[in-house]
Amino acid sequence: MRIEDEMVSRFNQIEKKDDSEILSEELDFFFDNVMSTVVDYFKEEVAV
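First things first, this report covers the structure right here in the doc.

Definitions and cut-offs
- Residues numbered from 1 in each chain as written.
- Predicted model: local features only at pLDDT ≥ 70, side-chain atom pairs only at ≥ 80, totals over all residues.
- Heavy atoms only, no water.
- Helix = DSSP H or I, 4+ residues; strand = E, 2+ residues; numbered from the N terminus.
- Buried < 20%, exposed > 50% of the residue type's maximum accessible area, 1.4 Å probe, protein only.
- Areas by Shrake-Rupley, 256 points an atom, 1.4 Å probe, with all protein chains shown as cover.
- Polar contact = N/O pair within 3.5 Å; in protein donor to acceptor, adjacent residues only side chain to side chain.
- Phe/Tyr/Trp six-rings, centres within 6.5 Å; stacked < 30°, edge-to-face > 60°.
- Expected span 1.5 Å × (residues − 1).
- Patch = residues over 30% accessible without salt bridge, like charges linked within 9 Å, V, L, I, M, F, W, Y side chains within 5 Å.
- Salt bridge = Lys/Arg side-chain N within 4 Å of Asp/Glu carboxyl O.

1. Thoughts on the overall build of the chain
Thought 1: A tally of regular secondary structure across the chain gives 2 helices and 0 strands.
Thought 2: Within the span of the chain, comprising 48 residues, buried residues form 10% of the whole.
Thought 3: Accessible surface, the chain: about 4,200 Å² in total, of which carbon and sulfur atoms supply 60%.

2. Remarks on the side chain of Thr37
Thought 1: In this fold, Thr37 is placed in helix H2 (residues 23–47).
Thought 2: Here Asn33 takes part through its backbone oxygen, which lies 2.7 Å from a polar atom of the side chain of Thr37.

3. So, the packing of aromatic side chains
Thought 1: Under the definition given, this model contains 2 aromatic pairs.
Thought 2: Between the aromatic rings of Phe30 and Phe31, the centroid separation amounts to 5.2 Å while the plane-to-plane angle is 75°, which identifies the pairing as edge-to-face.
Thought 3: According to the relative accessible area criterion, Phe30 is partly exposed, its value standing at 35%.
Thought 4: Judged by relative accessible area, Phe31 falls into the partly exposed class, the value being 48%.
Thought 5: With a centroid separation of 5.3 Å and an interplanar angle of 75°, the aromatic rings of Tyr41 and Phe42 are classed as edge-to-face.

4. With respect to H2
Thought 1: Over its 25 residues, H2 runs 36 Å from end to end, which matches the ideal 36 Å to within 8%, given 1.5 Å per residue.
Thought 2: Buried within H2 we find Asn33, Val34 and Thr37.

5. A closer look at a nonpolar patch on the surface
Thought 1: Taken together, the side chains of Leu23, Leu27, Phe30 and Phe31 make up a nonpolar region of the molecular surface, amounting to roughly 390 Å² of accessible area.
Thought 2: The residue Leu27 is located in helix H2 in this model.
Thought 3: Classification of Leu27 as partly exposed rests on a relative accessible area of 41%.

Dropping the structure here:
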């Protein structure tokens, strides 16, 4: 659940520009957050 909570908190920080936001931008944002969260998770696991 820790990864999911981190992803939700990061995703909630997105600032909506307007209703015409492009899907590709949203997907880029999502996958950047996924990769960031996974990297952070493994850094914590290796450090422990």
